[in-house]
Amino acid sequence: MLILANVRERWSGFLGAFVAVLVGVALISTTLVIYDSARPRVQPRYDGTTALALPHKAADADGSPEDRMPWSKAEAEPLVAGLDKVPGVADAVVDRSFYAQAIKDGKPVTDEGALESGHGWSSARMAPYKLVSGRAPSAANEVVVDRTLGAAVGGQLTVNLTEGRKQFTVVGTVDGPGYYFSEAFAAQHQPGVGAIALVADKGADTGAIVTAAKKVLGDNGDVVSGDGRSELQPQYIEHKRFLGVQLISAMALLGLFTTVFVVASMLVLATGMRRREIGLLRTIGAAPQQVKRMIIGEAAVVGLLGSIAGCVAGVVAAPVLRSILDNLDVAPPGMEVTVASWPLLTASVIGVGVSVIGAWTAGRKAARVAPIEALLDSRSANQGMGRGRWIAGLAVLGAGVLLAIGTATSSADNRINMAIFATMTLIVAAALLTPAFIGPVGRFLTAPFQRGGSAGPVLIRAELVANPRRAASLVAPVIAAVGFAVLLSGMVETMRVAYPAGEALKVSGQTIVTPDGTPGNTDEVVAANPVGKAALPTRAFVLKADKSTEQAGNATVLDVLGSRDPRWSKPGEAVLGEHTAKKLGLTKGEEVPVRFADGTAVTLRVGSVLPDDPARGDFVVSRDLVRAHDPAALTDDIFVPGDANASGAVPGTALHDAAEYALADYQTDAKLTDSLAMMLIVIAVGYSVIAVANSMAMAAHGRRRDFGVMKSAGGTVGQLLLVSVGETSLVIVVGAALGILVTLPPLAGMASGLSQATSSDVSLHLSTGTLTIAVLGTLVAAVLAGLAVTAKTLRRQAV
């Protein structure tokens, strides 16, 4: 009851922490709700299925389960026959998907899912999609299409396939998406079997079907039903989900760090301002543990109330974030916002936990203060640095420096994350070490104003020297706001210069043939450009040579490139990068079985193990070998040497020189990168600005007695307000300077890493516009909050 009474009586002192918890929990709960809503869902084309029989998963080189290893035709036939006889199963459908895209008016028809739009006619039963007109396809030159395509039954339609453009007779239309060919034609384009769909009789028991199907499969695969069918997702949907999850994960991580950092700083400030009150409690007999429990209990109540309000705000804001993801084109199609309990519970636990931990940290020192000492001058409570803080600050600083150095040497995939973690660490180090130099910095910055005869600079200087811990608590959110703004905008600006320049240098003098409206280049495009690099990628399964069986558990799945470069394209051989060879335990001259997309295995000899080269590939084989075993594979960009003529005559292709290609390649992800950076900047700066405003308001409220004394000594309202503005501005200047300094090492490390990766001279670039907005926004918020509370306090004292 005492704790609740304290919170009720001192609500203005807890308001800042309450708002900080509210905003942090709202951000975390919103991102978790969207993350939960973005989980894979059963695709409409599987709505009519009861269960799916799938091959076993193979692991990647790091041991994580990835692709399922397709059955070959010979392996699948007895499985299909057995599943078809399961009681309650009306039909066991071999589901095949491959590239198919209509060409109209000389251009590919826009279709995000074109890479998997081609199917055998039996796959239409899985939705089920029904014939609207015409009949099912039976010949190799017949096709059934979506009625929304506008193709007339009996007419001719040009369809782009892996081999290129082909003419088909439209023999029917259905009420769903896709291009449906005869089963024989579909089997030619995807010989391997990756899924067998079970279509049940009406009223059949799903559980019984699944149990019987598992017996039929035995050790040859898995059976999934219900939500488990969501595992089969089109590649473009998986890509969007991956990008969306990356974005909201970054938002959640930044929100979590900012919440912990800001709430802890504000609770330290609030607890320090209650020192005389705590001293009075100690004088009348309160034990240190009682004081600590009181502080922690108050923080828990504030954290709980802030978490409840934050969860409500998070649920309200979730549709807004969903709309933002839609505009960025990183939301899975048909995603609906659903509010489950676990995101709200997780966010609430974080909110309460952060509050309690912050209060425990702040209250531990306050509870140990002797009663009489707490009632004396506040200088003793605000001495700059204790031994523990020095040790912690220097240790965290050392870790930040190591992370900054690691940024320069990390891989491209980890460089951004490493820079962010380094900055977070250095922000914490700066906040811990601020009390050590806030006094000297204050003396230096106020020295030029000492000779003017004004008391304001003297008071500001005295306040910083006498209360370095309080000043450090005010500086902390400013460091976070400016630091993240400089880091994120600096990363974008540095990459904007580095990547196009590096990529243009790599392909200098070449003409690049790229897909335009299609997911890749067909064999027709490759034939029109017979010279130059034309890598044909596929996913293949490297089997362990010491195993006689070809089970998925004995296979490692990886990207294999088919090359037409005579240096690497040798029949029966594979060229490996050093890293991949080490992961697979292979050396030059060894033989290794490789199982391809059609389910058949080929034994290859390791012809060479060469230094890693992304341009060459990590596992390179003959292009003809890939095409023979993966008829559905599409070719990557084609790099035509400058002394050869590149052709863009085939519909769905475009030609670029080195500079255009580099810029276009960067622009592919630049929009998302810029949007992500801007969202993170808004979150970090916005949240920190709120924290700065709250901190300044709390500090001004806590100094109401000081203002009364200064006013009694003859200070005018204008002079006192000017002192408030001066002190606030000085704190913002110090925080902004530290915010910039902590980001320079990670950004320099990132620039160094980019220089090595792109083989070009990359220097550190900062966005002066973003930096200016962050500093001015923080300054204006802090000054207005401090002025508002100071003016209100002075008016009350006047009354």
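All of the points below concern the structure found in this document. Computed from a predicted model, the values in this text were never measured in an experiment.

### Observations concerning the pairing of strand β10 (residues 156–161)
Burial within β10 is extensive, with 5 of its 6 residues counted as buried. Across 3 bridges, strand β5 (residues 101–104) lies against β10 in antiparallel orientation. The residue of β10 that forms the bridge with Ile-103 is Thr-158. From the end of β10 to the start of strand β11 (residues 164–174), which pair antiparallel, there are 2 residues.

### Regarding the packing of helix α3 (residues 73–84) against helix α5 (residues 206–217)
Their axes nearest at 9 Å, the elements α3 and α5 cross at an angle of 150°. Between α3 and α5, the crossing angle belongs to the class labelled roughly antiparallel. In terms of crossing hand, the pair formed by α3 and α5 is right-handed. Touching Leu-79, Gly-82 and Leu-83 of α3 are Ala-213, Val-216 and Leu-217, all from α5. Here the contact of α3 with α5 is built from residues that sort into 5 nonpolar, 1 polar and no charged.

### Observations regarding α5
A rise of 1.5 Å per residue sets the reference length of α5, with its 12 residues, at 16 Å; its end C-alpha atoms lie 16 Å apart and thus fit the reference within 8%. Those residues of α5 that fall on the buried side of the exposure criterion are Ile-209, Val-210, Ala-213 and Leu-217. Projection of α5 onto a plane perpendicular to its axis shows the buried side chains occupying an angular sector of 95°, all on one side. Turning to α5, the residues buried within the fold contact β1 (51–54), α3, β4 (89–94), β13 (196–200) and β14 (222–225). Between a side-chain oxygen at the N-terminus of α5 and the backbone nitrogen of Gly-207 the separation is 3.3 Å; the capping residue is Asp-205. Among the residues trailing α5, Gly-218 stands out with phi positive, at a value near 60°.

### What about the sheet that holds β13?
Within a beta sheet, neighbouring strands are joined by backbone hydrogen bonds and run either parallel or antiparallel to one another. An order of β4-β13-β1-β14 is seen for the 4 strands of this open sheet, with the pairing classed as antiparallel. Of all strands in the sheet, those with a lone pairing partner are β4 and β14, marking the two edges. Mean inter-strand twist for the sheet, computed between neighbouring axes without regard to direction, equals 25°. In the sheet, β4 pairs with β13 via 5 bridges, with the strands oriented antiparallel. Its bridge partner being in β13, Val-94 is matched across the sheet by Ile-196. Each of β1, β4 and β13 touches α3; the most contacted strand, β4, lies at about 160° to it. Its contacts with the sheet put α5 on β1, β4, β13 and β14, and the angle it makes with β14 is roughly 165°.

### Section: the packing of aromatic side chains
Under the defined criterion, the tally for this structure stands at 5 aromatic pairs. With a centroid separation of 5.8 Å and an interplanar angle of 35°, the aromatic rings of Phe-98 and Phe-181 are classed as tilted. Within this pair, whereas Phe-98 is found in the loop between β4 and β5, its partner Phe-181 is found in strand β12 (residues 179–181), the two being separated by 83 residues in sequence. The pair formed by Phe-98 and Phe-181 is uniform in burial state, with each residue classed as buried. Ring pairing ties together the aromatic residues Phe-98, Phe-168, Phe-181 and Phe-185, which thus form one cluster.

### Some remarks on the nonpolar core
If you look at the biggest cluster of nonpolar residues, it comprises 61 residues, and the most contacted ones within it are Met-251, Leu-325, Ile-427 and Met-491. Looking at this core, the element that brings in the most residues is helix α14 (residues 468–506), giving 15 residues. Excluding its chain neighbours within four sequence positions, the residues that come into contact with Leu-325 are Ile-34, Leu-247, Ile-248, Val-330 and Ala-331. Leu-536, Val-560, Ala-581 and Phe-619 belong to the second largest nonpolar core, which has 20 residues in total.

Parameters at a glance
- Residues numbered from 1 in each chain as written.
- Predicted model: local features only at pLDDT ≥ 70, side-chain atom pairs only at ≥ 80, totals over all residues.
- Heavy atoms only, no water.
- Buried < 20%, exposed > 50% of the residue type's maximum accessible area, 1.4 Å probe, protein only.
- Helix = DSSP H or I, 4+ residues; strand = E, 2+ residues; numbered from the N terminus.
- Pairing = 2+ DSSP bridges.
- Axes fitted to C-alpha atoms, helices over the stretch in contact; angles between N-to-C directions.
- Parallel < 35°, antiparallel > 145°, perpendicular 65-115°, else oblique.
- Left-handed = near helix turned anticlockwise from the far one by under 90°.
- Contact = heavy atoms within 4.5 Å.
- Nonpolar A, V, L, I, M, F, W, Y, C, P; charged D, E, K, R; others polar.
- Expected span 1.5 Å × (residues − 1).
- Arc of directions from axis to C-beta.
- Polar contact = N/O pair within 3.5 Å; in protein donor to acceptor, adjacent residues only side chain to side chain.
- Phe/Tyr/Trp six-rings, centres within 6.5 Å; stacked < 30°, edge-to-face > 60°.
- Core = buried A, V, L, I, M, F, W, Y, C linked by side-chain atoms within 4.5 Å.

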